[in-house]
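# Observations on chain architecture
As a plain string of letters, each chain reads:
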Amino acid sequence: MPHLDEIGRNVVRLRKAQGLTQEQVAFHSNISISRLQDIEYGCKNTTIDTLIRLARALQVDFRIMGVFSMTDRDILSKIQGSFRLKHCINGPLQICENIVQLRKTEKLTQKELAQRSNVSIARLRDIEHRCANVTTDKLFNIADAFGMSLVELSAMSMSEAEIFHLIHRSQNHSGDGGSYRCKTIFLRYTIFCTAWA
């Protein structure tokens, strides 16, 4: 997940490509129309739970809602050099587990990470216990505290192939599926070159 304005633009893009009105998406997401409009304009107080429900209504995975319109090169540059987790319980709130494992790997206490990220210790505990009611701006702060983007933090437990598979599905729902062939060729070439390096 990158910046919320990008997520908002992609929500609009997906909604329009699927021929859905704001009322339909809001109804299927169980949010108000005004809340959906706020998200489409990049509202910072958007919770993970709201994004998950919104993504389901638009038939995409919420973890890539803000990156599927990025170029392959940009996505790969964000995730290739990043720290990778070995053990993961993949799912919508995997980012919370990624935070715990990264904090422990870097030998930080909850208090130290809370201070670095300007998040209260209580809120950090909620996040680490997979609370879906956390706002995305808190996650941006935590990612910054680790010196990485939210895309990197989200992708720590996902393979490149999985990320591109989710992006392909999202592009199909946004009417941009034609560029996937180029993305697949580039991804295979990158994996091939990486394997022989």
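Reading guide: rules and limits
- Residues numbered from 1 in each chain as written.
- Predicted model: local features only at pLDDT ≥ 70, side-chain atom pairs only at ≥ 80, totals over all residues.
- Heavy atoms only, no water.
- Helix = DSSP H or I, 4+ residues; strand = E, 2+ residues; numbered from the N terminus.
- Buried < 20%, exposed > 50% of the residue type's maximum accessible area, 1.4 Å probe, protein only.
- Salt bridge = Lys/Arg side-chain N within 4 Å of Asp/Glu carboxyl O.
- Contact = heavy atoms within 4.5 Å.
- pLDDT = per-residue confidence, 0-100.
- Core = buried A, V, L, I, M, F, W, Y, C linked by side-chain atoms within 4.5 Å.
- Axes fitted to C-alpha atoms, helices over the stretch in contact; angles between N-to-C directions.
- Parallel < 35°, antiparallel > 145°, perpendicular 65-115°, else oblique.
- Nonpolar A, V, L, I, M, F, W, Y, C, P; charged D, E, K, R; others polar.

## Brief notes about the side chain of Arg15
Relative to the elements of secondary structure, Arg15 occurs in helix α1 (residues 4-17). Here Arg15 falls in the buried class, since its relative accessible area comes to 9%.

## Focus: the pattern of salt bridges
A full pass over the atoms with the stated rule returns 7 salt bridges. For the salt bridge of Glu40 with Arg15, the shortest nitrogen-to-oxygen distance reads 2.8 Å. Of this pair, Glu40 sits in helix α3 (residues 33-40) while Arg15 sits in helix α1, and the two are 25 residues apart along the sequence. Look at Glu40 and you get buried, because its relative accessible area is 11%. Across the pair Arg35 and Asp38 runs a salt bridge whose closest N-O atoms are separated by 3.8 Å. With Arg35 and Asp38 both in helix α3, this residue pair falls 3 residues apart, about one helical turn.

## Points about unusual backbone geometry
Despite not being glycine, Gln59 shows a phi value in the positive range, around 65°. Relative accessible area serves as the criterion here: at 44%, Gln59 is assigned to the partly exposed category. We note that Lys107 has phi near 55°; this positive angle belongs to a residue other than glycine. With respect to the helices, strands and loops of the structure, Lys107 is situated in the loop between α6 (94-105) and α7 (110-117).

## A short note on the environment of Ala26
In this structure, Ala26 sits in helix α2 (residues 22-29). For Ala26, a relative accessible area of 2% translates into the label buried. In sequence terms Ala26 and Leu36 are 10 residues apart; their C-alpha atoms lie 6.2 Å from each other. Discounting residues that sit within four places of it in the chain, Ala26 has contacts with Ile31, Ser32, Ile33 and Leu36.

## Some points on the confidence of the model for the chain
Mean pLDDT over the chain: 75, with 63% of residues reaching 70 or higher. Here helix α12 (residues 180-196) stands out as the element of the chain with the lowest mean pLDDT, 39, in contrast to α2, whose mean of 95 is the highest.

## Some details on helix α4 (residues 48-57)
Burial within α4 is extensive, with 7 of its 10 residues counted as buried. Here the buried face of α4 lies against α1, α2, α3 and α9 (136-145).

## Topic: the environment of Val134
As for its placement among the helices and strands, Val134 is situated in the loop between α8 (121-128) and α9. The class of Val134 is buried, set by a relative accessible area of 0%. Spatially, the C-alpha atom of Val134 lies 6.1 Å from that of Ile48, the residues being 86 residues apart in sequence. Not counting chain neighbours up to four residues away, the residues in contact with Val134 comprise Thr46, Thr47, Ile48, Arg123 and Ile127.

## Section: the nonpolar core
By size, the foremost hydrophobic cluster in this structure holds 40 residues, and its most contacted members are Ile99 and Leu153. Every residue in contact with Ile99, bar those within four places of it in the chain, is listed here: Leu113, Leu124, Ile127, Glu128, Leu139, Ile142, Phe146 and Leu153.

## Section: the packing of α7 against α9
Any two packed helices are characterised by the angle at which their axes cross and by the distance between the axes. For the pair α7 and α9, interaxial distance at closest approach is 8 Å and the crossing angle is 105°. Considering their axes alone, α7 and α9 lie roughly perpendicular with respect to each other. Seen from α7, the contacting residues are Leu113, Arg116 and Ser117; seen from α9, they are Asn141, Ile142 and Ala145. Split into classes, the residues belonging to the contact of α7 with α9 amount to 3 nonpolar, 2 polar and 1 charged.

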